[in-house]
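A look at the structure
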Amino acid sequence: MRPSHRLACALALAALVFALGACGPGPEQVDPLSEPVAFSFELANPDEVAGPLFGVMLTPFEPNPMFGGRALAPAAADVEGFVYATIDAALDADGLATGSLISVYDFPRINEALGLEFGWLLFFPPEGCPMTATNAAEAALAPLPYMAVWDGESFVGDEPDVDAIVHFESFERVDGAGGAFTETFVGYVPVASQSAWSAATDGACVPDEEPNATLTVDVAIDAGWQFLRYTSVTTFDGVDTAYADELVSLTLEEIAEAGIIGQALPPGMIPVGSLSGASLRTGPSTLFR
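Here we take up the overall build of the protein chain. When helices and strands are tallied, the protein chain shows 3 helices and 19 strands. Burial analysis of the protein chain (289 residues in total) assigns 41% to the buried set. Partitioning the intrachain contacts of the protein chain with sequence separation of at least 6 by distance along the chain shows that 73% fall at a separation of at least 24. Put simply, the protein chain shows about 15,200 Å² of open surface, and 57% of that area lies on carbon and sulfur atoms.

Right, let's get into the pattern of salt bridges. Scanning the model with the defined rule gives 3 salt bridges in all. With its nearest N and O atoms 2.7 Å apart, the salt bridge here joins aspartate 175 to arginine 173. The exposure class assigned to arginine 173 is partly exposed, which follows from its relative accessible area of 41%. The partner of arginine 229 in a salt bridge is glutamate 246, with the nearest N and O atoms 3.7 Å apart. Residue arginine 229 is found in strand 17 (residues 224-236), and its partner glutamate 246 is found in strand 18 (residues 241-250); the two are separated by 17 residues along the sequence. Shared partners join several salt bridges into a network, and the residues in it are Arg173, Asp175 and Glu183.

Let's shift gears to the environment of leucine 250. Its place among the elements puts leucine 250 in strand 18. Judged by its relative accessible area of 13%, leucine 250 falls in the buried class. Separated by 25 residues in sequence, leucine 250 and tryptophan 225 place their C-alpha atoms 9.6 Å apart. Excluding residues within four positions of it along the chain, leucine 250 makes contact with Tyr188, Gln226, Phe227, Arg229 and Ile255.

Moving on to the state of the cysteines. Formally, a disulfide is one covalent bond, and it connects the sulfur atom of one cysteine to the sulfur atom of another. One pass over the structure, following the stated rule, counts 1 disulfide. Here cysteine 129 connects covalently by a disulfide to cysteine 205, the sulfurs 1.9 Å from one another. Measuring the twist about the S-S bond at about 110 degrees, one finds the cysteine 129-cysteine 205 disulfide to be right-handed. Remark: cysteine 205 occurs in the loop between strand 15 (197-200) and strand 16 (213-221) and cysteine 129 occurs in the loop between helix 2 (120-123) and strand 7 (132-134); sequence separation between them is 76 residues. Grouping residues by exposure puts cysteine 129 and cysteine 205 together as buried.

The next point concerns unusual backbone geometry. Look at glutamate 48: it is not a glycine, yet its phi comes out positive at around 50 degrees. Its place among the elements puts glutamate 48 in the loop between strand 1 (37-44) and strand 2 (51-58). Of note, asparagine 135 is a non-glycine position whose phi angle comes to about 55 degrees, a positive value. Structurally, asparagine 135 is set in the loop between strand 7 and strand 8 (142-143). Residue asparagine 135 is classed as partly exposed on the basis of its relative accessible area of 41%.

Let's shift gears to the pairing of strand 19 (residues 260-265). Put simply, side chains in a regular strand alternate between the two faces of the sheet. Here strand 1 runs beside strand 19; their pairing, made up of 2 bridges, is parallel. When the sheet's bridge partners are listed, alanine 44 is paired in strand 19 with glutamine 263. As paired elements, strand 12 (residues 164-167) and strand 19 share 3 bridges and run antiparallel to each other. For histidine 167, the partnering residue across the bridge sits in strand 19 and is glutamine 263.

In total, this model carries 10 aromatic pairs according to the counting rule given. A ring pair is formed by phenylalanine 181 and phenylalanine 236, whose centres lie 5.7 Å apart and whose planes are at 35 degrees; its orientation type is tilted. In this pair, phenylalanine 181 sits in strand 14 (residues 181-193) while phenylalanine 236 sits in strand 17, placing the two residues 55 residues apart along the sequence. Looking at phenylalanine 181, the relative accessible area reads 17%, which means it is buried. In textbook terms, an aromatic cluster arises when at least three aromatic residues are bridged by ring pairs, as seen for Phe39, Phe41, Phe168 and Phe227.

Scoring rules and cut-offs
Residues numbered from 1 in each chain as written. Predicted model: local features only at pLDDT ≥ 70, side-chain atom pairs only at ≥ 80, totals over all residues. Heavy atoms only, no water. Helix = DSSP H or I, 4+ residues; strand = E, 2+ residues; numbered from the N terminus. Buried < 20%, exposed > 50% of the residue type's maximum accessible area, 1.4 Å probe, protein only. Contact = heavy atoms within 4.5 Å. Areas by Shrake-Rupley, 256 points an atom, 1.4 Å probe, with all protein chains shown as cover. Salt bridge = Lys/Arg side-chain N within 4 Å of Asp/Glu carboxyl O. Disulfide = S-S within 2.5 Å. Pairing = 2+ DSSP bridges. Phe/Tyr/Trp six-rings, centres within 6.5 Å; stacked < 30°, edge-to-face > 60°.

This is how it looks when you write it as structure tokens:
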């Protein structure tokens, strides 16, 4: 056989092998929701605390372990109503937090934002503020309400001996003439969902029972992890007080680019203007009326 014929045969055989391989089974498809997802965000860190960052979630519908004795073990996936939601996470002295969040499939159940401080604005909008929703029957969230810098081993009694607690919130007050002022509270919370859904008001609406207040909701939830951001602005002009609340969703990528979204403070310190001491104004009605 002449060299040109041998070369032609070799090329034909290689093409046949490639074609047969292309017809065989391809790589196994991996559901991205079954995998941990990386995150990063920035915090104010005045004490330059650094170390492992533990984030825990309550197991939905289980008793809250914060109101009873418990023993936490860092190797446990679910102890006394807690689920560890962070993997290889850490906070550095400059306030940069990095790590991964567990798969949303690793939750025993997804609750409906029970315990989410401002979740009622989304799931129980006030009268006068109807929402347009997509996939509303799947609307449910699991919030991650607690993160702390902790070595995973040190305890005081049954309590973890944490170095700092992460507060995803900020507060600012600007005073004006004649007693006028503007107060702005901004709070964030990581949330997980096993389904995609959305809910939104048609711009700013006025609750029936709060003519001096407005509410804006624009939430697009993907299956997986994201953050909710709640902004509450109180304005007093010397005579009247007005309130404006807003609830929006942010992707992990948007959070990574958002700059400082909270602060790391020693245990026992509560940020000025924390929502835990705020007076919530509007009451619940029904889901996605």
